[in-house]
Amino acid sequence: MKDVTNPLIYTAEATYSKMIYDELYRHASFYEKKYLEKYQLFRQKYDSLLGIFLLKMIQKDELDSSYPITHTDRGKPYFVGYSGEISISHSDGTVAVGLSSGKLGIDIESKLVDIDGSLFLSEHEQIIIQQQKDRDLLTELWVLKESYVKALGCGFLLDPTTISFYMIDNEWHVNGSNFSFSLTTLPNEKILSICKELKTDDRVVAIDEEELLDWIVGTRYRF
């Protein structure tokens, strides 16, 4: 099995085309179709289905495998039979999935405005926000926390105000953890956070929906 020490991230922009959705749905497994029933809105179903097929694509490209996708009781996705980790996130039409041999959590978010930071910031982080004039800092702290709890596999069952980030030598660290973090601003100005077990370089690849469809209907992968 290939070692994915450097996390690989695929991103895609959702067009919310009914034709594309129907084609993706046609190739989905019974479990995947049942999973979509948890969502009420078409856009939610679309984002989730797009994420599923990005995960299928990333594992075939990187692992040359076709592990089934399922979820833990707390909603963390994983490949059945794969010892590494996967993660998924979506925000306002952008979907991102990640693959790594080690612990992994990713989160993507549009820039936050008009939000009460005290709902998720620690006291230390609130001081940082007050001292600095960086408009993106609030969003960065939010995605850092989201990616961290995803890597832990607990989500925000953990009170976000008890998680405190601090910067050393221009790198973000979190209290009580040895995880490494990286932040990337995508071409659409959304911010992506990657929480990983090892301090390694990341690979972020943009996938077009048409490219994904061509891959599905081609000979590269049989579902």
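This write-up is about the structure you can find in this document.

Reading the values: rules and limits
- Residues numbered from 1 in each chain as written.
- Predicted model: local features only at pLDDT ≥ 70, side-chain atom pairs only at ≥ 80, totals over all residues.
- Heavy atoms only, no water.
- Helix = DSSP H or I, 4+ residues; strand = E, 2+ residues; numbered from the N terminus.
- Pairing = 2+ DSSP bridges.
- Axes fitted to C-alpha atoms, helices over the stretch in contact; angles between N-to-C directions.
- 1 Å grid on protein atoms, 1.4 Å probe; cavity = no way out; pocket = protein on both sides within 12 Å on 5 of 7 lines; lining within 4 Å.
- Points joined across faces, edges and corners; volume = space filled by probe spheres on them.
- Nonpolar A, V, L, I, M, F, W, Y, C, P; charged D, E, K, R; others polar.
- Salt bridge = Lys/Arg side-chain N within 4 Å of Asp/Glu carboxyl O.
- Buried < 20%, exposed > 50% of the residue type's maximum accessible area, 1.4 Å probe, protein only.
- Contact = heavy atoms within 4.5 Å.
- Disulfide = S-S within 2.5 Å.
- Lys, Arg positive; Asp, Glu negative; His and termini not counted.
- Parallel < 35°, antiparallel > 145°, perpendicular 65-115°, else oblique.
- Left-handed = near helix turned anticlockwise from the far one by under 90°.

### As for unusual backbone geometry
Comment: phi is negative for the bulk of residues other than glycine, and the bulk of peptide bonds are trans.
Right, on to step 1. Positive phi, normally seen in glycine, also occurs at Asp-92, with a value near 50 degrees.
Right, on to step 2. Structurally, Asp-92 is set in the loop between β4 (85-91) and β5 (94-100).
Right, on to step 3. One non-glycine residue, Asp-169, lies in positive phi territory at about 50 degrees.
Right, on to step 4. Relative to the helices and strands, Asp-169 is located in the loop between β7 (165-168) and β8 (171-174).

### A few points about the sheet that holds β5
Right, on to step 1. With respect to topology, four strands assemble into an open sheet ordered β4-β5-β1-β11, the strand pairing being mixed. Looking at strand neighbours, the two that pair on one side only are β4 and β11 (203-206), the edges of this open sheet. The mean angle between the axes of side-by-side strands here comes to 15 degrees, regardless of whether they run parallel or antiparallel.
Right, on to step 2. Note that β4 and β5 share seven bridges and pair antiparallel. Its bridge partner lying in β5, Ser-89 is registered against Ala-96.

### A word on the layout of surface pockets
Right, on to step 1. The computed volume of the largest pocket comes to approximately 550 Å³.
Right, on to step 2. Taken together, 28 residues line the largest pocket, and the ones lying closest to its centre are Tyr-35, Gly-75, Pro-77, Ile-88 and Lys-150.
Right, on to step 3. At the level of elements, α3 (42-63), β2 (69-71), β4, β6 (104-109) and α5 (137-152) are the ones that each hand at least two residues to the lining of the largest pocket.
Right, on to step 4. In terms of residue class, the lining of the largest pocket is made up of 12 nonpolar, nine polar and seven charged.

### Regarding the pattern of salt bridges
Right, on to step 1. For the coordinates displayed, the defined rule picks out 14 salt bridges.
Right, on to step 2. Linking Lys-56 and Glu-32 is a salt bridge whose minimum nitrogen-to-oxygen distance equals 3.0 Å. Separated by 24 residues along the polypeptide, Lys-56 in helix α3 and Glu-32 in helix α2 (residues 30-36) bring together distant segments of the chain. Accessibility classification places Lys-56 together with Glu-32 in one group, the buried group.

### What about the sheet that holds strand β10 (residues 191-196)?
By way of backbone hydrogen bonds, the strands of a sheet pair with one another, either parallel or antiparallel.
Right, on to step 1. Judged by pairing direction, the sheet is antiparallel, and its three strands sit side by side in the order β6-β10-β9 without closing on themselves. Among the strands making up the open sheet, the edge pair consists of β6 and β9 (180-185). Ignoring strand direction, the axes of neighbouring strands in this sheet form an average angle of 15 degrees.
Right, on to step 2. Contacts from α5 reach β6, β9 and β10, with the element oriented near 150 degrees to β6.

### Details of the state of the cysteines
Right, on to step 1. Applying the stated rule across the entire model yields zero disulfides.
Right, on to step 2. Free of any disulfide, Cys-154 has its nearest neighbouring cysteine sulfur in Cys-195, separated by 11 Å.
Right, on to step 3. When its relative accessible area of 0% is taken as the criterion, Cys-195 is described as buried.

### A short note on the side chain of Glu-109
Right, on to step 1. As for its placement among the helices and strands, Glu-109 is situated in strand β6.
Right, on to step 2. Although buried, Glu-109 forms no salt bridge, and the nearest oppositely charged side chain, Lys-150, lies 8.4 Å from it.
Right, on to step 3. The residues contacting Glu-109, other than those within four sequence positions of it, are Ser-91, Thr-139, Trp-142, Val-143, Lys-190 and Ile-191.

### Considering the packing of helix α1 (residues 18-27) against α3
Right, on to step 1. Between α1 and α3, the least distance of the axes is 10 Å, while the angle of their chain directions is 55 degrees. It follows from the interaxial angle that α1 and α3 lie oblique. Relative to α3, the crossing made by α1 is left-handed. Of the residues in α3, those in contact with Lys-18, Ile-20, Tyr-21, Leu-24, Tyr-25 and His-27 of α1 are Phe-42, Lys-45, Tyr-46, Leu-49, Leu-50 and Phe-53.
Right, on to step 2. Here the residues of the contact of α1 with α3 sort into nine nonpolar, one polar and two charged.

Note that all results are geometric; they support no functional claim without further evidence.
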